[in-house]
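Chains, contacts and geometry: an overview
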Amino acid sequence: MKNFILVFLFVFSGNFLFKSQTKDPRYQPKEYVEITHPEWSKNATIYEVNIRQYTPEGTFKAFENHLPRLKKMGVDIIWLMPIHPIGVKNRKGTLGSYYSVKDFYGINQEFGSGKDFQHLVDKIHSMGMYVIIDWVGNHSAWDNPLATQHPDWYTKTREGNFQPTPWYDWDDVIDFDYDNPDFRKYMTDALKYWVKETNIDGYRADVAGFIPTDFWENARQELDQIKPVFMLAEWESRDLYKKSFDMTYSWSLWDQLRVATNQQKLSGLVEYLSHDVNTVPRNAYRMTFTDNHDKNSWEGNPYLNFGPGLKTAIVMTGVVNGMMLCYSGQEAGLNRSLKFFEKDPIEWKDDENAVLFTKLFHLKHDNQALWNGKYGGEMIRVVNDQQDKVISFYREKNTDAVLPILNFSDKIVNVNLDTKYYQGNYKELFSGKIFNIKEKINLKLEPWSYMVLVKE
């Protein structure tokens, strides 16, 4: 009788708790990200184009010839570095920096005409890809007409003179003042112009965090009224996800991958993965990379930065939560820093990096576990007995699943993994080898080797 009463009380209590679940809106979970990502972006990949160095001609027309190759590689978003005229006053080097903009409504004639640019945009769209352009909203060239027409749109020194962005040595540009409402309208109208007139699909915003978040939130709202746009912030902070940007940079992953490959210490990389799962909004996109124009130009090429662990790092950027980036020439084994202010064409050749990017890009398209934001699967740590050398985790969404295993060491490692909850048949992405995963599995991993097991 006593047992019956206890069971009754337990069941009654459980039902009571269930039925009395609060409906108070103050305690309901809320999605942090309020913008709507373009539908096509949920499993998209991204590629950064340095038009100046891409071909000997350095033009939009010459770049067009590479589009079929990029489409075959699995590229979805073509990100063009700034297309606008470059300032002459205080120019750095012979050709100057793309990021010293002389006219926000103009086209850099070195790359071709406005008609050439429109043809490129239309061609990209006709091949089922999308195009975003680099937007330099924080500053302008010294000889941008705005400096003469609207000097009050710029910040000033105590002496009342124009200045580069404070604390930086960007001597070829002068800093805008976003406290001025008229300037905000000008810049918003300029952003809308390129979407309306050329049908581009969005922007990559240079040093986005230097510009007030409320500006971006309004600009995104106005842009989305024209068409659903895709916005990438060159920044890494939570507030930009809420109402303005689809994706931010994952600078910290690059930092931790460099530590992992150079020092063979994984604590920082593990902490990155933990923070990604526990602090990044579920429907936020993060751009993952081993190279981009900033890293390549100012911090060395990927072979210098990641050494023999480069391919391991590339694979890691393709399987973690985020959208994988390929920078111009990476797929051709670019092993030098491209000059930033001079002509320095990429040498195009076949390279095994192209195989890595192609396989990872296409897997991203086909396997929902790797999709972006809430459309993909959470990274779940797969415990192993060599966690100071081997990263292993599992991602699953609907019927798709992947189990990446990466050896971040220069040693042969015999590793045992606890795969009790991840049993089944898997096909390794790069070798095609079939694995039947049981409760536990033992693997012999060569130095810097990697496996991406794809559930059958």
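Residues numbered from 1 in each chain as written. Predicted model: local features only at pLDDT ≥ 70, side-chain atom pairs only at ≥ 80, totals over all residues. Heavy atoms only, no water.

Looking at the overall build of the chain
Along its length, the chain carries 15 helices and 18 strands. Since a compact globule built from 456 residues should have a radius of gyration of about 23 Å, the 25 Å found for the chain is in line with a globular shape. Principal-axis analysis of the C-alpha atoms gives the chain an extent of 90 × 55 × 45 Å. Classification of the 456 residues of the chain by burial places 55% in the buried group. (Helix = DSSP H or I, 4+ residues; strand = E, 2+ residues; numbered from the N terminus. Rg over C-alpha atoms; globule rule 2.2 N^0.38 Å. Buried < 20%, exposed > 50% of the residue type's maximum accessible area, 1.4 Å probe, protein only.)

Quick word on empty space enclosed by the protein
Think of a ball as big as a water molecule: rolled over the atoms, this probe shows where empty space is left. For the coordinates displayed, the defined rule picks out one cavity of 30 Å³ or more. Mapped onto the lining of the largest cavity, the elements with two or more residues apiece are helix 14 (310-319), strand 10 (323-327) and helix 15 (352-366). Sort the elements by how many residues they give to the lining of the largest cavity and helix 15 lands first, with three residues. Along the lines of polarity and charge, the residues of the lining of the largest cavity split into six nonpolar, four polar and two charged. (1 Å grid on protein atoms, 1.4 Å probe; cavity = no way out; pocket = protein on both sides within 12 Å on 5 of 7 lines; lining within 4 Å. Points joined across faces, edges and corners; volume = space filled by probe spheres on them. Nonpolar A, V, L, I, M, F, W, Y, C, P; charged D, E, K, R; others polar.)

Side note on the packing of helix 14 against helix 15
Each pair of packed helices can be described by the angle between their axes along with the distance between the axes. Taken N-terminus to C-terminus, the directions of helix 14 and helix 15 make an angle of 15 degrees; their axes are 10 Å apart at the nearest point. Accordingly, the angle class assigned to the pair helix 14 and helix 15 is roughly parallel. Helix-helix and strand crossings are classified by hand; for helix 14 and helix 15 the assignment is right-handed. Side by side, helix 14 and helix 15 meet where Lys-311, Ile-314, Val-315, Gly-318 and Val-319 of the first sit next to Glu-352, Asn-353, Leu-356, Phe-357 and Leu-360 of the second. (Axes fitted to C-alpha atoms, helices over the stretch in contact; angles between N-to-C directions. Parallel < 35°, antiparallel > 145°, perpendicular 65-115°, else oblique. Left-handed = near helix turned anticlockwise from the far one by under 90°. Contact = heavy atoms within 4.5 Å.)

Remarks on unusual backbone geometry
The phi angle at Asn-90 is positive, at roughly 60 degrees, despite the residue not being glycine. On the secondary structure map, Asn-90 appears in the loop between strand 2 (77-80) and helix 5 (114-126). The partly exposed category is assigned to Asn-90, whose relative accessible area is 41%. Despite not being glycine, Asn-199 shows a phi value in the positive range, around 70 degrees. Within the element layout of this structure, Asn-199 appears in the loop between helix 7 (181-198) and strand 6 (202-205). The exposure class assigned to Asn-199 is partly exposed, which follows from its relative accessible area of 36%.

As for the sheet that holds strand 18 (residues 450-455)
As summarised here, the arrangement of the six strands in space is 11-12-13-18-15-16, forming an open sheet in which the pairing is antiparallel. With one partner strand each, in any of the chains shown, strand 11 (380-381) and strand 16 (434-437) form the two edges of the open sheet. Across five bridges, strand 13 (residues 400-407) lies against strand 18 in antiparallel orientation. Bridging across to strand 18, Leu-403 finds its partner in Leu-453. (Pairing = 2+ DSSP bridges.)

Examining the sheet that holds strand 9 (residues 285-288)
Here we have eight strands rolled up into a closed barrel, ordered 1-2-3-6-7-8-9-10, and parallel in their pairing. Between one strand and the next, the sheet's axes are offset by a mean angle of 25 degrees, whatever the strand orientation. Relative to strand 8 (residues 247-249), strand 7 (residues 230-233) runs parallel, the two sharing two bridges. Bridging from a neighbouring strand, Ala-233 pairs with Thr-248 of strand 8.

A closer look at the packing of aromatic side chains
With the rule as written, the count across this model stands at 43 aromatic pairs. Aromatic side chains Phe-104 and Phe-176 sit 6.0 Å apart centroid to centroid with 45 degrees between the ring planes, which places their arrangement in the tilted category. One end of the pair, Phe-104, is in the loop between strand 2 and helix 5; the other, Phe-176, is in the loop between strand 5 (173-175) and helix 7, with 72 residues separating them in the sequence. Arranged with centres 5.6 Å apart and planes meeting at 70 degrees, the rings of Tyr-249 and Phe-289 form a pair that is edge-to-face. Residue Tyr-249 is located in strand 8, and its partner Phe-289 is located in the loop between strand 9 and helix 12 (293-298); the two are separated by 40 residues in the primary sequence. (Phe/Tyr/Trp six-rings, centres within 6.5 Å; stacked < 30°, edge-to-face > 60°.)

Considering helix 5
Since one α-helical turn is 3.6 residues long, residues separated by three or four positions face the same way. In a regular helix each residue adds 1.5 Å, so 13 residues correspond to 18 Å; helix 5 covers 18 Å between its end C-alpha atoms and thus fits that length. The elements touched by buried residues of helix 5 are helix 3 (60-64), helix 4 (67-73), strand 2, strand 3 (130-135) and helix 7. One or two residues past the end of helix 5 sits Gly-128, with phi positive at roughly 80 degrees. (Expected span 1.5 Å × (residues − 1).)

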